[in-house]
Amino acid sequence: MPKQKLYEDELTEALSVIFRERRMLLLLSQAAIAYKTGMSRPYIGDLERTGRNISLLNLSRMAEALHSTPSKLMVEAERLVKEKRRRR
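Notes on the structure in this doc start here.

Basis of the calculations
Residues numbered from 1 in each chain as written. Predicted model: local features only at pLDDT ≥ 70, side-chain atom pairs only at ≥ 80, totals over all residues. Heavy atoms only, no water. Helix = DSSP H or I, 4+ residues; strand = E, 2+ residues; numbered from the N terminus. Rg over C-alpha atoms; globule rule 2.2 N^0.38 Å. Buried < 20%, exposed > 50% of the residue type's maximum accessible area, 1.4 Å probe, protein only. Contact = heavy atoms within 4.5 Å. Areas by Shrake-Rupley, 256 points an atom, 1.4 Å probe, with all protein chains shown as cover. Polar contact = N/O pair within 3.5 Å; in protein donor to acceptor, adjacent residues only side chain to side chain.

## Digging into the overall build of the chain
Helix and strand counts for the chain come out as five helices and zero strands. Mapped from its N terminus to its C terminus, the chain presents α and β elements in the order α-α-α-α-α. Relative to the compact-globule value of 12 Å for 88 residues, the chain shows a C-alpha radius of gyration of 13 Å, a close match. With the C-alpha coordinates of the chain rotated into their principal frame, the extents come out at 45 × 25 × 20 Å. When each of the 88 residues of the chain is scored for burial, the buried share is 38%. A separation of at least 24 residues holds for 62% of the contacts in the chain among residues at least 6 apart in sequence. Carbon and sulfur atoms make up 56% of the accessible area of the chain, which amounts to about 6000 Å² in all.

## Let's talk about helix H3 (residues 41-50)
Those residues of H3 not exposed but buried are Tyr43, Ile44, Gly45, Leu47 and Glu48. Close packing links the buried residues of H3 with helix H1 (7-25), helix H2 (30-37) and helix H4 (56-65). Sitting at the amino-terminal end of H3 is serine 40, which places a side-chain oxygen 3.1 Å from the backbone nitrogen of tyrosine 43. A positive phi of about 70° marks glycine 51, the residue just after H3.

## Some words on the environment of arginine 86
With respect to the helices and strands, arginine 86 occurs in helix H5 (residues 70-87). Under the relative-accessibility criterion, arginine 86 is labelled exposed at 65%. C-alpha of arginine 86 to C-alpha of methionine 62: the two residues are 24 residues apart in sequence and 28 Å apart in space.

Structure (structure tokens):
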């Protein structure tokens, strides 16, 4: 039987989806987000692709660049995780 993912891992993955979707809705490149946040473009790519763990400081920077707040992004991530778990 496959091991169930930890809730924290699921939140991290959900955030990666949200980051990419919001960036694309704003018609911004990874390079533009990197510039706005002071983070590297490869790091932004890692956040979007791999669900890399993000610090609170960087979450705050991403939220600002994506015209949101850290709390709104987390609420959205929790909603995605709950929806995904319901479908199991």
